[in-house]
Each structure stands twice: as structure tokens, then as C-alpha cells.
Amino acid sequence: MTPLLADPTPGLLRAAPIEPAGHTMTHARLLRYLEIKVHHLIQDQDWDSIRVIGGYDRTAVISRYEKTGKLFNIERPTAEIHGRDLIVKAFPGADYVQHYALIIATYLAMAGRPVGTVTYQPPEQEECRTALDALDLELDGDLVIVGWGLQYLAPENGVWTRGPGYAWQRLDVAGRRVVYLGFLHSIWGDVAGRVVTRLAELGAGDVVYVGKVGSLTPGVEPNAWLATGNTSLVRGAMVSWDDFFGDYAAAHDGVRSGLHVSSPSILLENRDWLAQHTASYAFVDPEIGPMGAAARQAGIRFGYLHVISNNLATHYPADLSNERHSDVLRQRAVLVDRIRTIITGRLTASPTHPLGESR
């Protein structure tokens, strides 16, 4: 099924649900994944229209399903009520707005409710760019570590300095100035690429992204491996970048290296998509490719070191629908320790980039 249909209103696209039977997640797990993402106003009642737009607005209605128990990536799209119409505001990014619209449409279809009401309006490039102008750090060749698990990677007694929608702390690691940067909102897809662009403008020398990827290789157990690499398929084109880790991370036990493919939405990763990519590519997520491309454009180094969180080719008990399970959290704590050790070791092994020196 084609997930996008044109809407008569200029600039507006209609989001059609995916076919659950063809998705790489089982029906029950896909529904659970959607239920923890969809705003409560949509789950609780029907609307004449639901429009997803780009906009970071914490004064609108906040979903009661926002994540708790962690410092970052806790905020989800908010909603604004206009009579019988609902405006859903996602942080400005083309991938994120499309992804969230597909989430809503597919949830409604699986719940047996009308889906023709869901549309989305891709944000303008200028709107996407200026959305990150509030990110303001004084960097001088610093290594910036951004992404998931930062509260465990950064010093336990460190003090987070808060900005609008983000927080950071700086320290010296092996003689190198390192900034840990976390966002309260999602930096999904192309948003993450603009984060790298903005950090380079502010003076970052290197950016490392710590997050989660899906494996496309059968038999790779989730939450038991780390993933790294330096090449991604981004909108049909292969993009490689100057890798912060070089061969260092891949040489460690428990780390897999391979080609990555960037996908704008988990909803689009069905079995046909998997069949087209599994032979050539090892990993998938929305952010790595745009971030690597942005780093290459800016002339800085970029690297990723991710937990393999799910496997699209083999069904395991752990996937994206049950990430808060105690066993998953325990396994990931071990992997976070390994990530910290590898990053520190890479800095110790590097003869370049002394304290405060720009590249």
C-alpha cells in the first residue's frame, strides 16, 4: 500500500496507514509500539481532522504518554485543539512529521477507526533550520557526544546546564574537551543532520552519536551487540564520512561493523523493504546517514556507536515495543559501559586533538 496520498490542499499530504500484515514487526507488537507513541487525545476520541505539522510548542497539550524515568528524548509531539479539529505539532523535520503522521494513521486503522482524517504538512527548510538556532554552545574543537544514554555516559555527579530543549555538560577526558549534549525532544531523521551542522557552526571538532539501530542480519540478538561504521545509504545515494573511531571500535569484541541504511520511518520498513536491503546492509535507523552527510559537508569527523536494539530479519523477545522491560534495561547497562570504555580508549589512543585545539 502506498503510504502517502496527495491532499487537495496545497502543501498538504494525506497519510495512509501501512499494511500491518506486511510489516517486519508482528501485529501485536506493532500495535503496542504505536500505542506508546500516539497522543492521548487521539487515542481517547475521534476528530474530524488531524493535521501533523512542524512546530516545537510546549504550551500546547502534552501527551500523557510521554516517557519518564530518563533525562533526554522524553518529549513527544503536542496537540492543539480547534473545535473538532486537532493540530499535532512535531519538532520541525520532514522525516519526523511524516513518521508521526504514519504512526497516527496506522494506529487508527489497526484500532478500527476512520483514517481519512490524517494529513501532514512537511515543514519548510528554513523552518527546520531555524528550529535549532536556540542550540548555543561555546565550542573550540570539542568532541560532542549526543544521543541516547547520556545520563549514564556522563559523570554521575556532573551538573547539567540547561538550554531551551537541551542540556549539556563539559569535562576533560584523556586530555580532550568533551561535551555531552542531550535533547529533551526527538532529533529524528533529518533533524539530527541539522544538529551536526549547527554543532559544526558552533565550533565542534568531532561529533559522536550514541543511539540504537535495527539489525538487518538474521541471527543477531538484540541488546547483545554494538554497531559502528562509516557509510550509509541516504535517499538512494551512498555517503561515507571521516570516521571518529576509524578501525578502533570495530576491533573490540561485541562490536559489529557494516553498511548502514537510513530510513525516514520505522513504519516503512516492511518485509519488501527488508528483502531489498538485507543482502547489502547491516543496520538501519533514521539519523546516522543524515548526520554523517552533514559532518562530511562541514568538514568534521563523525562516528556512531549504537546498541543493536531490534532485529528486522529474525523475531526475538526484545524489540521496539518493550524497551522498558527490566531484562532489556539490564543488558543495555552493560553495553553503555562498553560504549564509555571504547570512547575513552579512542581518546587515549589518539595522538591528535589536544585539549581545546580545533581541527
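Residues numbered from 1 in each chain as written. Predicted model: local features only at pLDDT ≥ 70, side-chain atom pairs only at ≥ 80, totals over all residues. Heavy atoms only, no water.

By the naming in an unreviewed UniProt entry, the chain goes by Nucleoside phosphorylase domain-containing protein and is assigned to Streptomyces brasiliensis.

Caption draft 1: Local environment of the environment of A282. Following the sequence through the fold, A282 ends up in the loop between α7 (271–277) and β18 (283–285). The spatial distance from the C-alpha of A282 to the C-alpha of G229 is 9.7 Å, given a sequence separation of 53 residues. The residues contacting A282, other than those within four sequence positions of it, are G214, S215, L216, T217, G258 and L259. (Helix = DSSP H or I, 4+ residues; strand = E, 2+ residues; numbered from the N terminus. Contact = heavy atoms within 4.5 Å.)

Caption draft 2: Structural detail: the pairing of strand β7 (residues 143–147). Within β7, four of the five residues are buried, leaving the element largely enclosed by the surrounding structure. Pairing analysis gives four bridges linking β7 to strand β10 (residues 176–183), with the strands arranged parallel. Among the inter-strand pairings, V144 is bridged to a residue of β10, identified as V179. Relative to strand β11 (residues 206–210), β7 runs parallel, the two being bridged by five bridges. Directly across from V144, in β11, lies its bridge partner V207. (Buried < 20%, exposed > 50% of the residue type's maximum accessible area, 1.4 Å probe, protein only. Pairing = 2+ DSSP bridges.)

Caption draft 3: Structural context of helix α1 (residues 27–35). Within α1, the full set of buried residues consists of L30, Y33 and L34. The arc that holds every buried residue of α1, seen down its axis, measures 95 degrees, which confines them to one face. Residues of α1 that are buried make contact with α3 (94–110). (Arc of directions from axis to C-beta.)

Caption draft 4: Main features of the pattern of salt bridges. Per the counting criterion, the structure on display carries 18 salt bridges. The partner of R235 in a salt bridge is D95, and the shortest N-O contact between them spans 3.6 Å. One end of the pair, R235, is in the loop between β14 (231–234) and β15 (237–240); the other, D95, is in helix α3, and 140 residues separate them in sequence. Assessed through its relative accessible area of 64%, R235 is described here as exposed. (Salt bridge = Lys/Arg side-chain N within 4 Å of Asp/Glu carboxyl O.)

Caption draft 5: Region of interest: the nonpolar core. Judged by nonpolar contacts, the single largest core of 72 residues is most densely connected at L137, L181 and L199. Ranked by residues supplied to this core, first place goes to α3 with 11 residues. Counting residues in hydrophobic clusters, the runner-up holds 28 residues, among them A167, Y180, V336 and I342. (Core = buried A, V, L, I, M, F, W, Y, C linked by side-chain atoms within 4.5 Å.)

Caption draft 6: How the structure looks around the sheet that holds β7. Ordered in space as β8-β9-β10-β7-β11-β19, the six strands form an open sheet in which the pairing is mixed. Unpaired on one side and paired on the other, β8 (161–163) and β19 (301–304) mark the two borders of the sheet. Strand-to-strand twist across the sheet, computed as the mean angle between neighbouring axes with direction ignored, equals 25 degrees. In this sheet, strand β9 (residues 166–173) lies alongside β8 in antiparallel orientation, the contact comprising three bridges. Within β9, the position partnered with T161 by the bridge is W168. Against the sheet, helix α8 (residues 288–298) contacts β7, β11 and β19, and its axis sits at roughly 165 degrees relative to β19. (Axes fitted to C-alpha atoms, helices over the stretch in contact; angles between N-to-C directions.)

Caption draft 7: The packing of α1 against α3, seen in detail. Across the interface, α1 lies against α3 with an axial gap of 10 Å and an inter-helix angle of 125 degrees. Overall, the two elements α1 and α3 adopt an arrangement that is oblique. The handedness of the crossing between α1 and α3 is left-handed. Where α1 abuts α3, its residues H27, L30, L31, Y33, L34 and E35 lie against H99, I103, T106, Y107 and M110. Considered class by class, the residues forming the contact of α1 with α3 number seven nonpolar, three polar and one charged. (Parallel < 35°, antiparallel > 145°, perpendicular 65-115°, else oblique. Left-handed = near helix turned anticlockwise from the far one by under 90°. Nonpolar A, V, L, I, M, F, W, Y, C, P; charged D, E, K, R; others polar.)

Caption draft 8: Local environment of the packing of helix α6 (residues 190–202) against α8. Orientation of α6 relative to α8, taken along the N-to-C sense of each, is 25 degrees, at an axis distance of 7 Å. Comparing their axes, α8 and α6 come out roughly parallel. In terms of crossing hand, the pair formed by α6 and α8 is right-handed. Facing α6, whose interface residues are D190, A192, G193, V196, T197 and A200, α8 presents P290, M291, A294, A295 and A298.

Caption draft 9: Focus on the sheet that holds strand β12 (residues 212–215). Spatial strand order, β15-β14-β17-β18-β12-β20-β13-β16: eight strands in an open sheet with mixed pairing. Each having just a single partner strand, β15 and β16 (255–257) make up the two edges of the open sheet. Put simply, the sheet's adjacent strands are angled 40 degrees from each other on average, direction ignored. Sheet topology places β12 next to strand β20 (residues 306–311); four bridges connect them, and they run parallel. Pairing of V213 across the sheet is with I308, part of β20. Most of the contacts of α8 go to strand β17 (residues 260–262), to which it runs at about 95 degrees, and overall it touches β12, β14, β15, β17, β18 and β20.

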